[in-house]
Amino acid sequence: MTDVRETTAVPALVCEGLRYAFGETKAVDGLELSVRPGEVFGLLGPNGAGKTTAIRCITTLLPVPAGMVRVFGHDAAKERMAVRRLLGYVPQQLSADAGLTGRENVELFARVFDVTRRERAARVARALEAVDLTAAADRLAKTYSGGMVRRLELAQALVSAPRLLMLDEPTIGLDPIARTSVWEHINAVRTATGMTVLVTTHYMDEADQYCDRVALMHRGRIHALGTSEELRSELADRRRAEGKTDPDPTLEDVFRDVAGSGLDEQGLDEQGGDFRDVRSTRRTASRVG
Ligand SMILES: Nc1ncnc2c1ncn2[C@@H]1O[C@H](COP(=O)(O)OP(=O)(O)OP(=O)(O)O)[C@@H](O)[C@H]1O
């Protein structure tokens, strides 16, 4: 893979005062975010927090009705094509075609992204290799396991050599081994290319382990932002100051703390207990077949 390490200080992504409403529902309500080039940034939050809507605004699939979104300095409202060329996007919904082989699926995306005919075969082969699907490339996608499908979707997004890769719940519904494998491939490509990654996840353990920084989103806005360690140690300090002697807080404790009582009214509890429960509500592992 070509080395396109970032040398510029321009943020990979900036959202300022981003708002998006579906009728009366304020899905994104004044989102403030800045993602550094080359980092893996985790956008965390319960169902309905506004993560997917924010991602759709950033990827230009939805307009930016209020506020500002910039991708490597390009305005998502005014320079949509420039922004699209910089982005790779793996949505929550299935984006691979079960009736095509892995290679054909990636080729399709190469065509959509205008990869020239001369470059196409090599780029497709590189993308498949980056996610360890070379040996399975000529099998129909419907024969793939859930983890392989997710890696295929990753290859589809990588074939255009994006500078900012957006992944919406990339590991939901996968078993722990497949989840680890997906993350290892994301990390390997990031290391090789210097690509920036914005990922949404419900899995706090994954965010803790794989994200350089995380933002905790609730009801359309960010409630805390930093490294997992910073957020956890800030909460530990606050607890100590209040005379509490709890053991080390987790990222999920941080989320409960920053979102406060709102979670009890309309948050995690309403959505099935906690972040761990949410994953059982959606299954991607058997989506193809
Ligand atoms: N097409 C739509 N029409 C109406 N309301 C919508 C639509 N899409 C999302 N919403 C609402 O906007 C709010 C934010 O939803 P969104 O899907 O962005 O949240 P999310 O954090 O991505 O949740 P999830 O983790 O379940 O994907 C929710 O209240 C949701 O019901």
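Preceding this section is the structure that the text describes.
Treat the numbers as computed from the prediction; the structure is a model and nothing was measured. Each chain carries its own residue numbering, running from 1 in the direction its sequence is written. Given that this is a predicted model, residues contribute local features only at a pLDDT of at least 70 and side-chain atom pairs are listed and counted only at 80 or more, while totals for whole chains, interfaces and linings are drawn from all residues. Side-chain descriptors were evaluated using all non-hydrogen atoms of the structure, hydrogens and water having been removed beforehand.

**Here's the deal with the side chain of Gln156**
What counts here: The numbering of helices and of strands both runs from the N terminus, where a helix is a DSSP run of H or I of at least 4 residues and a strand a run of E of at least 2. Identification of polar contacts relies on pairs of N or O atoms within 3.5 Å, with a donor-acceptor requirement for protein atoms, meaning one able to donate a hydrogen and the other able to accept it, and with residues adjacent in sequence counted only if both atoms are side-chain atoms. Residue contacts are defined here by distance: any two heavy atoms, one from each residue, within 4.5 Å place the two residues in contact.
Mapped onto the elements of the fold, Gln156 is located in helix α5 (residues 146–158). A polar atom in the side chain of Gln156 sits 3.3 Å from the side chain of Ser95. Not counting chain neighbours up to four residues away, the residues in contact with Gln156 comprise Ser95, Ala96, Asn105, Val106 and Phe109.

**What about the environment of Ala76?**
What counts is decided by this rule: When a residue's accessible area, from a 1.4 Å probe over protein chains only, is under 20% of the maximum for its type it is buried; when over 50% it is exposed; and in between it is partly exposed.
Relative to the helices and strands, Ala76 is located in the loop between β5 (74–75) and α2 (80–86). Among the residues examined, Ala76 registers a relative accessible area of 3% and is labelled buried. Distance in space between the C-alpha atoms of Ala76 and Ile58 is 6.6 Å, their sequence separation being 18 residues. Look past the residues within four positions of Ala76 in its chain and what remains in contact with it is Cys57, Ile58, Thr60, Val64, Val69 and Val83.

**Structural notes on helix α9 (residues 251–259)**
Counting along an α-helix, one turn takes 3.6 residues, and residues three or four places apart therefore face a common direction. Condition: Each C-beta atom gives one direction from the helix axis, and the arc is the one those directions make.
Every buried residue belonging to α9 is among Leu251, Glu252, Val254, Phe255 and Ala259, and all of these are buried. With its buried residues spanning 155 degrees around the axis, α9 presents them on a single face. Positioned one or two residues after α9, Gly260 has a phi angle of 60 degrees, which is positive.

**Overview of the sheet that holds β5**
Put simply, the rule is: Each pair of strands is called paired provided DSSP finds at least two bridges between the two strands. Working convention: axes come from line fits to C-alpha atoms, limited for helices to the stretch in contact. Angles between N-to-C directions cover 0 to 180 degrees.
Taken in spatial order, the four strands make up an open sheet running β2-β1-β4-β5, and their pairing is antiparallel. The sheet is open, and its two edges are formed by β2 (25–35) and β5, each paired on a single side. The pairing of strand β1 (residues 13–22) with strand β4 (residues 66–71) spans five bridges and is antiparallel. When the sheet's bridge partners are listed, Glu16 is paired in β4 with Met68. Sheet strands in contact with helix α1 (residues 51–58) are β1, β2 and β4, and its direction is about 115 degrees off that of β1.

**Focus on the sheet that holds strand β10 (residues 221–226)**
Adjacent strands of a sheet pair through backbone hydrogen bonds, lying either parallel or antiparallel. Spatial ordering of the open sheet is given by β6-β7-β8-β3-β9-β10, a layout of six strands whose pairing is mixed. The sheet is open, and its two edges are formed by β6 (87–90) and β10, each paired on a single side. Along the sheet, successive strands turn relative to each other by an average axial angle of 15 degrees, direction set aside. Two strands pair when backbone bridges link them, and strand β3 (residues 40–44) and strand β9 (residues 213–218) are joined in this way by four bridges, in the parallel orientation. In the sheet register, Leu43 faces β9, and the bridge partner there is Ala215. Most of the contacts of α5 go to β6, to which it runs at about 160 degrees, and overall it touches β6 and β7 (164–168). Contacts from α9 reach β3, β9 and β10, with the element oriented near 45 degrees to β9.

**Here we look at the nonpolar core**
Our working definition: Here, nonpolar core refers to any group of buried Ala, Val, Leu, Ile, Met, Phe, Trp, Tyr and Cys residues whose side-chain atoms link them within 4.5 Å.
Of all hydrophobic cores here, the largest spans 50 residues; its most connected members are Val106, Leu133, Leu152, Leu154, Leu165, Leu167 and Val197. Counting residues per element, this core draws most heavily on α5, which supplies seven residues. Ignoring any residue separated from it by four or fewer positions in sequence, one finds Leu167 in contact with Ile55, Val90, Leu154, Ile186, Val197, Leu198, Val199 and Thr200. Counting residues in each nonpolar core, the second largest holds 31 residues, with Leu13, Leu33, Leu62 and Met217 among its members.

**Some details on the pairing of β6**
The side-chain alternation of β6 yields two buried faces, one formed by Leu87 and Tyr89 and the other by Gly88 and Val90. Of the pairings in the sheet, the one linking β6 to β7 comprises four bridges and is parallel in character. When the sheet's bridge partners are listed, Val90 is paired in β7 with Leu167.

**Focus: the packing of helix α8 (residues 228–241) against α9**
The condition that has to hold: Angles below 35 degrees are treated as roughly parallel, those above 145 as roughly antiparallel, those between 65 and 115 as roughly perpendicular, and all remaining angles as oblique. Helix crossings fall into two classes, left-handed where the near helix is turned counterclockwise from the far one by less than a right angle and right-handed where it is turned clockwise. The classification used treats Ala, Val, Leu, Ile, Met, Phe, Trp, Tyr, Cys and Pro as nonpolar, Asp, Glu, Lys and Arg as charged, and all other residues, Gly among them, as polar.
Running from N to C, α8 and α9 point in directions that differ by 60 degrees, and their axes come no closer than 9 Å. Relative to α9, α8 is oriented oblique. Pair α8 / α9 crosses with left-handed handedness. Contacts from Ser228, Leu231, Arg232, Leu235, Arg238 and Arg239 of α8 reach α9 at Leu251, Asp253, Val254, Asp257 and Val258. Across the contact of α8 with α9, the residue classes tally to five nonpolar, one polar and five charged.

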